[in-house]
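What follows is each chain in one-letter form.
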Amino acid sequence: MTDEIPICSAKGCRAAAVWVLAWNNPKIHTPERRKTWLACEEHREHLSQFLGVRGFLKDVVPFEEWQAPEGA
């Protein structure tokens, strides 16, 4: 456990993350694999759309509720 505050994954954003966007690229990841991006309120929709139009977005979860899959 660290004291670091999770930061939004949007380019140039330094805001605290409040969402976890779980995704995978089916061309290179197994179906159960989940990569994550973090998002602040302002960038949640933009990052979700970016992943969604590519068919990568699997789930959007509030940061405090996120549980990484076992073995991650």
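Everything below is about the structure shown above.
Everything quoted here is computed from the prediction, not taken from an experiment. (Residues numbered from 1 in each chain as written. Predicted model: local features only at pLDDT ≥ 70, side-chain atom pairs only at ≥ 80, totals over all residues. Heavy atoms only, no water.)

Peer 1: Account for the side chain of Ser 48, with residues named and values stated.
Peer 2: Assignment of secondary structure puts Ser 48 in helix H1 (residues 41-53). Of note is the side chain of Ser 48, whose polar atom sits 2.8 Å from the backbone oxygen of Arg 44. Residues in contact with Ser 48, not counting those within four places in the same chain, are Leu 21, Leu 57 and Val 60. (Helix = DSSP H or I, 4+ residues; strand = E, 2+ residues; numbered from the N terminus. Polar contact = N/O pair within 3.5 Å; in protein donor to acceptor, adjacent residues only side chain to side chain. Contact = heavy atoms within 4.5 Å.)

Peer 1: Just give me the short version of the packing of aromatic side chains, but keep the residues and values in it.
Peer 2: Scanning the model with the defined rule gives three aromatic pairs in all. Ring centres of Trp 23 and Phe 56 lie 6.0 Å apart, and the angle between their planes is 20°; on these two criteria the pair is classed as stacked. A residue pair is termed long-range when its members are at least 10 positions apart, and Trp 23 in strand E1 (residues 19-23) and Phe 56 in the loop between H1 and strand E3 (57-62) qualify at 33 residues. Clustering of aromatic rings is evident, with ring pairs tying together Trp 23, Trp 37, Phe 50 and Phe 56. The positively charged end of Arg 44 is found above the aromatic ring belonging to Trp 19, 3.9 Å away from the centroid. Directly above the aromatic system of Phe 50 lies the positively charged group of Arg 54, at a separation of 3.6 Å from the ring centroid. (Phe/Tyr/Trp six-rings, centres within 6.5 Å; stacked < 30°, edge-to-face > 60°. Lys NZ or Arg CZ within 6 Å of the ring centre and 35° of its normal.)

Peer 1: Summarise the sheet that holds strand E2 (residues 35-39); cite the residues concerned and give the values.
Peer 2: Pairing in this open sheet of three strands is antiparallel, and the strands run E2-E1-E3 from one edge to the other. Of all the strands in the sheet, the pair left with one neighbour each is E2 and E3. Averaged over all pairs of adjacent strands, the angle between strand axes in this sheet comes to 25°, irrespective of strand direction. (Pairing = 2+ DSSP bridges. Axes fitted to C-alpha atoms, helices over the stretch in contact; angles between N-to-C directions.)

Peer 1: Explain the nonpolar core residue by residue, including any values.
Peer 2: Counting eleven residues, the largest nonpolar core is built from Cys 8, Ala 10, Cys 13, Trp 19, Leu 21, Trp 23, Ala 39, Cys 40, Leu 47, Leu 51 and Phe 56. When residues of this core are traced back to their parent elements, those giving at least two are E1 and H1. Those residues in contact with Leu 47 that sit more than four places away from it in its chain are Cys 8, Ala 10, Leu 21, Trp 37, Leu 38 and Ala 39. (Core = buried A, V, L, I, M, F, W, Y, C linked by side-chain atoms within 4.5 Å. Buried < 20%, exposed > 50% of the residue type's maximum accessible area, 1.4 Å probe, protein only.)

Peer 1: Just give me the short version of the environment of Ala 15, but keep the residues and values in it.
Peer 2: Locating Ala 15 in the fold gives a position in the segment before E1. Linking Ala 15 and Ile 5, residues ten residues apart in sequence, is a C-alpha distance of 9.3 Å. Once residues lying within four places of it in the same chain are set aside, the contact partners of Ala 15 are Pro 6, Ile 7, Cys 8 and Cys 40.

Peer 1: An account of the side chain of Asn 25 is needed here, citing residue identities and associated values.
Peer 2: With respect to the element layout, Asn 25 can be found in the loop between E1 and E2. In terms of polar contacts, Asn 25 uses its side chain to reach the backbone amide nitrogen of Lys 27, at 2.9 Å.

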